[in-house]
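Survey of secondary and tertiary structure
Next come the chains, spelled out residue by residue.
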Amino acid sequence: ERYAAISERFGLTASEQLTCGCHVHVSVDSDDEAVGALDRIRTWLPVLLAVSANSPFWQGGDSGYASYRSQAMTRWPTNGPTEVFGSAQAYADHVRMLVDTGVPLDEGMAYFDARPSRSYPTLEIRVADVCLDPRDAVLVAALARALVETGSREWAEGRPPDPVSVAVLRLAMWQAGRHGITGDLLDPRTHRPRPAREVVERLLEHIGPALRDTGDLVRVEKSIGRIFTGGTGSTTQRRIHDEEGRLDRAVVRLAELT
């Protein structure tokens, strides 16, 4: 019934929302910790999109994007990056204000890039594509966990979050979805374009201590090297499509790879 109501309210946006996402839930101890981490990871989330990019095709043709899912999701009025909230209460007040406008059906339609989960004691990272290679999905999970852990530590230490605007973060997300790792990304600290490899390395430097603590650092470094050598899923999809000449044949081969 809920999805029927969403379809009725949002029309074509709902009926064309044929997208799948890789949502990563990372455990937190409190709502305040969840929002504290959320405030501090929001500038880094486009990098997760870039390394997971795996949706180059849309409506049977090449979209020109490494991740067209990221574009399709922006059609929802509640999708995208969040502002700095400062507390769990401020976040709850923000979501309630959105619902009170009557536009979203309920709080579950807060389709933010990341959000405190309504069902679990977690911070939910929602930006990644579903990956073609399961090893890339493991990489996304490891990066997300380390990023939340790093954000939680910064919150506990009282380190302030970057106050950069939502408008700039939307540009960073667009850039990541357009090029994946094949062009420039916006540097999460300077918000200026830099080669994707350098931006990803800056992410690893940022979350390095958390990766070491969980024993993930070597695995993550190897996976990053593999992706920059062979490309993301979007690169593989385009290569196989070129080899097959037809999208339906490409889909069969891609399913076998997965």
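Throughout, a residue's number is its position along its own chain's written sequence, starting from 1. Only residues with pLDDT of at least 70 get local features here, since the model is predicted, and only at 80 or more are side-chain atom pairs given and counted; chain-wide, interface and lining totals rely on the full set of residues. In computing side-chain values, all of the structure's heavy atoms are included and hydrogens and water are not.

Let us now look at the overall build of the protein chain. Segments assigned H or I by DSSP are reported as helices when at least four residues long, segments assigned E as strands when at least two residues long, and all are numbered from the N terminus. Each helix and strand counted, the protein chain has 12 helices and seven strands in total. Our radius of gyration looks at C-alpha atoms and nothing else; its globule reference is 2.2 Å times the residue count to the power 0.38. Relative to the compact-globule value of 18 Å for 258 residues, the protein chain shows a C-alpha radius of gyration of 18 Å, a close match. Relative accessible area decides the class of each residue, using a 1.4 Å probe on protein chains only: under 20% of the type maximum gives buried, over 50% gives exposed, and in between gives partly exposed. The buried share of the protein chain, taken over its 258 residues, is 49%. Within the protein chain, residue pairs in contact and separated by at least 24 positions form 73% of the contacts whose partners lie at least 6 positions apart. When the accessible surface of the protein chain is split by element, carbon and sulfur atoms take 51% of a total near 12400 Å². A residue counts as positive if it is Lys or Arg and as negative if it is Asp or Glu; His and the chain ends are not included. Positions of charges follow a simple convention, taking NZ of Lys, CZ of Arg, CG of Asp or CD of Glu. Of the charged side chains in the protein chain, 30 are positive and 36 negative; the average position of the first set lies 4 Å away from that of the second. Here a residue-residue contact requires only that any non-hydrogen atoms of the pair lie within 4.5 Å. Per-residue and other accessible areas follow the Shrake-Rupley method at a 1.4 Å probe size, with only the shown protein chains counted as cover for residues.

Here the focus is the layout of surface pockets. Using a grid of 1 Å spacing that covers the protein atoms alone, one calls a set of points a cavity when a 1.4 Å probe fits there but cannot get out, and a pocket when the set is open and has protein on both sides within 12 Å along at least five of seven lines; lining residues are those with an atom within 4 Å of a point. Grid points are joined across faces, edges and corners, and a volume is the space filled by probe spheres set on the points. Taken as a whole, the largest pocket spans an internal volume of roughly 560 Å³. What lines the largest pocket is a set of 22 residues, and nearest its centre among them are L18, N54, S55, F57 and Q237. Among the elements of the structure, β2 (57-58) and α12 (247-257) are those that each provide at least two residues to the lining of the largest pocket. With five residues, the single largest contributor to the lining of the largest pocket is α12.

Bringing unusual backbone geometry into the picture now. We note that Q59 has phi near 55°; this positive angle belongs to a residue other than glycine. Here Q59 lies in the loop between β2 and β3 (61-62). On the accessibility criterion, Q59 (60% relative accessible area) is exposed.

This part is about the packing of aromatic side chains. Aromatic pairing here means that ring centres of Phe, Tyr or Trp (its six-membered ring) are within 6.5 Å. Orientation follows from the plane angle: under 30 degrees is stacked, over 60 is edge-to-face, and everything else is tilted. Under the criterion given, the structure shown has seven aromatic pairs. A centroid spacing of 6.0 Å and a plane angle of 90° characterise the contact between Y65 and W174, whose relative ring orientation is edge-to-face. Taken together, the residues Y65 in the loop between β3 and α5 (69-73) and W174 in helix α8 (residues 166-179) connect sequence positions 109 residues apart. Judged by its relative accessible area of 36%, W174 falls in the partly exposed class. Among the aromatic residues, ring-to-ring pairing joins W58, Y65, Y68 and W174 into one connected group. Sitting over the ring of Y3, R2 keeps its end group 5.6 Å from the ring centre. Sitting over the face of the ring of Y65, R178 holds its NZ or CZ atom 5.7 Å from the ring centroid. When the NZ atom of lysine or the CZ atom of arginine is within 6 Å of a ring's centre and also within 35 degrees of its normal, the charge is said to sit over that ring.

Multiplying 1.5 Å by the residue count of a helix minus one yields the expected span of that helix. Over its 14 residues, α8 runs 20 Å from end to end, which matches the ideal 20 Å to within 8%, given 1.5 Å per residue. Here α8 has its buried residues at L169, A172, M173, Q175, A176 and G177.

Each salt bridge in this description consists of a side-chain nitrogen of Lys or Arg and a carboxyl oxygen of Asp or Glu lying within 4 Å of one another. The full count for this structure, using the stated rule, is 23 salt bridges. One salt bridge connects R2 with D106, and the closest N-O pair in it is separated by 2.7 Å. You can see R2 sitting in helix α1 (residues 2-10) and its partner D106 sitting in the loop between α6 (88-100) and β4 (114-116), a full 104 residues away along the chain. In this structure, E154 and R159 form a salt bridge, with 3.9 Å as the shortest nitrogen-oxygen distance.

So, about the pairing of strand β5 (residues 122-129). Within β5, eight of the eight residues are buried, leaving the element largely enclosed by the surrounding structure. Where strand β1 (residues 21-27) lies against β5, six bridges are found, and the strand directions are antiparallel. Residue pairing for β5: C22 is matched across the bridge by A128. We treat two strands as partners when DSSP finds at least two bridges between them. What sits between the antiparallel neighbours β4 and β5 is a turn of five residues.

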